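Coordinate inspection notes
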Amino acid sequence: MNFYFVKSELERGSLLLLFLLGTLAVVGNISPAHAEYGDLVLNQHAEKEGMPPVIFPHWFHRIRFRCKVCHADLGFKFKAGGSGINMLKIIDGQYCGACHNGEIAWSVENCDLCHTGKDGLKTQVDGSTLSKLVVPVKDKNKKPR
Ligand code: HEC
Ligand code: HEC
Ligand code: HEC
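What comes next concerns the included structure. (Residues numbered from 1 in each chain as written. Chains lettered and ligands numbered in written order. Predicted model: local features only at pLDDT ≥ 70, side-chain atom pairs only at ≥ 80, totals over all residues. Heavy atoms only, no water.)

**Observations regarding the side chain of Asn43**
The topology assignment puts Asn43 in the loop between strand 1 (39-42) and strand 2 (54-57). Under the relative-accessibility criterion, Asn43 is labelled buried at 14%. A polar side-chain atom of Asn43 sits 3.0 Å from a polar atom in the side chain of Glu47. (Helix = DSSP H or I, 4+ residues; strand = E, 2+ residues; numbered from the N terminus. Buried < 20%, exposed > 50% of the residue type's maximum accessible area, 1.4 Å probe, protein only. Polar contact = N/O pair within 3.5 Å; in protein donor to acceptor, adjacent residues only side chain to side chain.)

Here's what the structure looks like:
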């Protein structure tokens, strides 16, 4: 068994509470995403549900973890949008939530660190850099939510 699952069991209660508290997001000194090659846009549910699309910086993660961690142990498919990820599963400690739990990486209450995409982007692999996909923080704050 891998320790992510054990950990996520323990974290489940507190993550759910954090989520229910909503966007209490105190981002602190977490820096915005860096530009990397080969980013994934995930937008099967997000925009429809009133959140900006998710930008997943694949390369950033690939240089930190073995493929197996995500594509075998955590069940991510080799296809953008292929795994049926949604927010409930993430809060439940699956997929992104296996690491973004405040232990291995910053936790799910940091909505704005994942939901960074420009409106209208489709679920896809984008060969360009994040800078073309991500809404600059300034613009984002101007937009009424
Ligand atoms: C195997 C563990 C793991 C999984 C699974 C994972 N992440 Fe991460 N992620 C990390 C770590 C570790 C960092 C670096 C955290 C830090 O710098 O404090 C990170 C950083 C990030 C960043 C910031 C990148 C930057 O340039 O600073 C984003 C955005 C992100 N993850 C999104 C996601 C999304 C979306 C998913 C699910 C599709 C996901 N992550 C799944 C471990 C993971
Ligand atoms: C931190 C987790 C993580 C790691 C590590 C990771 N991937 Fe991925 N990968 C993902 C996610 C998430 C997706 C998109 C799945 C989805 O949208 O359902 C993806 C999609 C892919 C795809 C399809 C999209 C594309 O770029 O064509 C390929 C191929 C792929 N990964 C290969 C790899 C290889 C090879 C490695 C190791 C060198 C690796 N991945 C490491 C999370 C990861
Ligand atoms: C670690 C990355 C990450 C964080 C942090 C994150 N999300 Fe998500 N979220 C995702 C991914 C991945 C999806 C599925 C993307 C798609 O639409 O294909 C998603 C989908 C959603 C959806 C669409 C409906 C659904 O159930 O999937 C909503 C609404 C949402 N997130 C709200 C939030 C809110 C509110 C927060 C902060 C409390 C948040 N998210 C934090 C990654 C994240």
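**Let's talk about the coordination of the iron atom of ligand 2**
For the iron atom of ligand 2, the full set of protein donor atoms is His58 (NE2) and His71 (NE2), and the range of their distances to it is 1.9 to 2.0 Å. What the six donor atoms of the iron atom of ligand 2 show is an angle range of 85 to 179° at the metal, which sorts the shape as octahedral. In this pair, His58 is assigned in helix 2 (residues 58-62) and His71 in helix 3 (residues 67-73), connecting sequence segments 13 residues apart. (Donors = N, O, S within 2.8 Å, 3.2 Å for Na, K, Ca; no water. Tetrahedral: all angles 85-135°; square planar, octahedral: opposite > 155°, others 65-115°.)

**Considerations on the packing of aromatic side chains**
Inspection of every chain in the model, using the stated rule, returns one aromatic pair. A ring pair is formed by Phe76 and Tyr95, whose centres lie 5.2 Å apart and whose planes are at 55°; its orientation type is tilted. One end of the pair, Phe76, is in the loop between helix 3 and helix 4 (87-91); the other, Tyr95, is in the loop between helix 4 and helix 5 (111-114), with 19 residues separating them in the sequence. The two residues Phe76 and Tyr95 agree in class, both being buried. Its end group placed over the ring of Phe60, Arg64 keeps NZ or CZ at 3.6 Å from the ring centre. (Phe/Tyr/Trp six-rings, centres within 6.5 Å; stacked < 30°, edge-to-face > 60°. Lys NZ or Arg CZ within 6 Å of the ring centre and 35° of its normal.)

**As for the sheet that holds strand 3 (residues 124-126)**
The sheet built from three strands is open, its strands ordered 2-1-3 with antiparallel pairing. Only two strands of the sheet have a single partner each, and these edge strands are strand 2 and strand 3. Taking each pair of neighbouring strands and ignoring which way they run, the sheet shows an average axis angle of 30°. Alignment of strand 1 against strand 2, held across four bridges, turns out to be antiparallel. Note on strand 2: the bridge partner recorded for Asp39 is Pro57. (Pairing = 2+ DSSP bridges. Axes fitted to C-alpha atoms, helices over the stretch in contact; angles between N-to-C directions.)

**Section: the coordination of the iron atom of ligand 3**
Within the protein, the atoms that donate to the iron atom of ligand 3 are Met87 (SD) and His115 (NE2), at distances of 2.1 to 2.2 Å. The site at the iron atom of ligand 3 holds six donor atoms, and with the angles between them running 88 to 179°, its shape is octahedral. On the criterion of sequence distance, the pair formed by Met87 in helix 4 and His115 in the loop between helix 5 and strand 3 is long-range, its members being 28 residues apart. Residue classification places Met87 among the partly exposed positions, given a relative accessible area of 31%.

**Looking at the site of ligand 2**
Lining the immediate surroundings of ligand 2 are 21 residues, of which His58, Cys67, Cys70, His71 and Ser83 lie closest. In the environment of ligand 2, an oxygen atom lies 2.6 Å from a nitrogen or oxygen atom belonging to the backbone of Gly81. Its atoms largely coinciding with the cavity grid, ligand 2 occupies the largest pocket. When residues of the shell around ligand 2 are traced back to their parent elements, those giving at least two are strand 1, helix 2 and helix 3. Taken together, the residues that form the shell around ligand 2 break down as eleven nonpolar, six polar and four charged. (Near = heavy atom within 4 Å. 1 Å grid on protein atoms, 1.4 Å probe; cavity = no way out; pocket = protein on both sides within 12 Å on 5 of 7 lines; lining within 4 Å. Sits in = over half its atoms within 2 Å of the grid points. Nonpolar A, V, L, I, M, F, W, Y, C, P; charged D, E, K, R; others polar.)

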